[in-house]
Amino acid sequence: RRLREKGIRICIATGRSPLVVPKFDGVEFDAFLTYNGSYCYDREGKTLFSNALSHADVQALIHNAAALGRPLSVATKDRLASNGKDDDLVEYYAFGGLEIQVADDFDKVAEDEVYQVLMSGREEEYSRMLAGTRHAKIAAWWDRAVDIIPADGGKGITIEKILEAYGLDKSEAMAFGDGNNDIAMLEAVGTGVAMGNASAQLKAVAQAVCPSAAE
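Everything quoted here is computed from the prediction, not taken from an experiment.

Novice: Would you take a moment to explain the state of the cysteines for this structure?
Specialist: Defined simply, a disulfide is a covalent bond joining two cysteines at their sulfur atoms. Applying the stated criterion across every chain yields a total of zero disulfides. The cysteine Cys 40 is free of any disulfide, with Cys 11 supplying the nearest cysteine sulfur at 9.2 Å. Judged by relative accessible area, Cys 40 falls into the buried class, the value being 0%. The closest cysteine sulfur to the non-disulfide-bonded Cys 210 is located on Cys 11, 17 Å from its own sulfur.

Novice: Would you explain helix H3 (residues 87-95) in this entry?
Specialist: Helical geometry: 3.6 residues make up each α-helical turn, so side chains three or four residues apart lie on a common side. Within the sequence span of H3, burial applies to Asp 88, Leu 89, Tyr 92 and Tyr 93. Each buried residue of H3 sits inside an arc of 135° when the element is viewed along its axis, so together they form one side. Where the residues of H3 are buried, they touch strand S5 (72-75), strand S6 (80-82), strand S7 (116-120) and strand S9 (145-150). Among the residues trailing H3, Gly 97 stands out with phi positive, at a value near 70°.

Novice: Got a minute to help me understand a negative patch on the surface in this structure?
Specialist: A contiguous patch of negative charge, built from Asp 78, Asp 107, Glu 111, Asp 112 and Glu 113, is present on the exposed surface. Among the secondary structure elements, Glu 111 is positioned in the loop between helix H4 (106-109) and S7. A residue is classified by how much of its surface remains accessible, and Glu 111, at 51% relative accessible area, is exposed.

Novice: Looking at this structure, how should I read the nonpolar core?
Specialist: Nonpolar side chains tend toward joint burial in soluble globular proteins. With 22 residues, the main nonpolar core has Leu 72, Val 74, Phe 106, Val 117 and Met 119 as its most contacted residues. When residues of this core are traced back to their parent elements, those giving at least two are helix H2 (55-68), S5, H4, S7, helix H5 (126-129) and S9. If you tally residues by element for this core, the top one is H2, at five residues. When neighbours within four sequence positions are excluded, Leu 72 is seen to be in contact with Leu 61, Ile 62, Ala 65, Ala 81, Ser 82, Asn 83, Leu 89, Phe 106, Val 117, Leu 118 and Met 119. The next biggest cluster of nonpolar side chains, apart from the first, holds 18 residues, and it includes Ile 12, Tyr 39, Leu 80 and Trp 142.

Novice: Would you mind going over the packing of aromatic side chains with me for this structure?
Specialist: The geometry of an aromatic ring pair is captured by the separation of the ring centres together with the interplanar angle, meaning the angle of the planes. In total, this model carries 10 aromatic pairs according to the counting rule given. Plain terms: the ring middles of Tyr 39 and Tyr 115 are 5.1 Å apart, the flat faces sit at 40° to each other, and that makes the pair tilted. Here the residue Tyr 39 occupies a position in strand S3 (residues 39-42), and Tyr 115 occupies one in the loop between H4 and S7, the gap between them amounting to 76 residues. Residue Tyr 39 is classed as buried on the basis of its relative accessible area, which comes to 5%. One aromatic cluster is present, built from ring pairs that chain together Phe 24, Phe 29, Phe 32, Tyr 35, Tyr 39, Tyr 41 and Tyr 115.

The rules behind these values
- Residues numbered from 1 in each chain as written.
- Predicted model: local features only at pLDDT ≥ 70, side-chain atom pairs only at ≥ 80, totals over all residues.
- Heavy atoms only, no water.
- Disulfide = S-S within 2.5 Å.
- Buried < 20%, exposed > 50% of the residue type's maximum accessible area, 1.4 Å probe, protein only.
- Helix = DSSP H or I, 4+ residues; strand = E, 2+ residues; numbered from the N terminus.
- Arc of directions from axis to C-beta.
- Contact = heavy atoms within 4.5 Å.
- Patch = residues over 30% accessible without salt bridge, like charges linked within 9 Å, V, L, I, M, F, W, Y side chains within 5 Å.
- Areas by Shrake-Rupley, 256 points an atom, 1.4 Å probe, with all protein chains shown as cover.
- Salt bridge = Lys/Arg side-chain N within 4 Å of Asp/Glu carboxyl O.
- Lys, Arg positive; Asp, Glu negative; His and termini not counted.
- Charge placed at Lys NZ, Arg CZ, Asp CG, Glu CD.
- Core = buried A, V, L, I, M, F, W, Y, C linked by side-chain atoms within 4.5 Å.
- Phe/Tyr/Trp six-rings, centres within 6.5 Å; stacked < 30°, edge-to-face > 60°.

What follows is the structure in C-alpha cells.
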C-alpha cells in the first residue's frame, strides 16, 4: 500500500495460473506475470506478453512423462488439466491450495495454447523429461516436481518486457524472490532482494537479503 501511495507500480511474478494468483486485501497489482512469465497481463486483463510452448514440445513432454511413469498437467490460459496424479504432483498442487483435476478431455486441452507443463520428478530425471523437445526448459523451485516453460521464457525475460511496456529502466526496478526460478528475475532488475528463506543460489545473485517470507 505504501508503494502504491508513492506511485510505484507493483507486479506479482509467479509460477501459478491466472486462476489462482494470490489476492491481498487492499492491494491491486498493476501487472501479473503468471506461469513463470509465460503469460502476462495488466489489471484490466490486457495481454502484455504471451509465450506458449510449441505443440510438438508439449506432445514430447507427454510422451516422456508416460515413459517415466509420471503424470503431468498442462496449463492453458484458463485450464489446468492433468492426465493422472501421484503423491509428488498432489503435494506440488497443494502448495497453491489446489487439488488435481484429472481431465477426461486432457488430449483436447493439450491441443490448446499451453503456457506451462507441471510434472512430478527428481533432478536425475530432468534430461529424460526434456528428451526430444526443441524449445523447452525446466524452472524448478522444489525437488520433487517442476514447471516446464519455453526455453526463451522465464521471469527474467518477462521483467524486461514489462519494464519496456512501462518505459522504465532496469535501474528503476526492484524484485523480491525466494526460489531458484527467481534467479533470472533478480538479475533483470537494478536491485534484486532475496528473502531470508531463499536458496543459497538465489542469495548469491541478490544485492540484499531481507527477512523470510514467514516474517
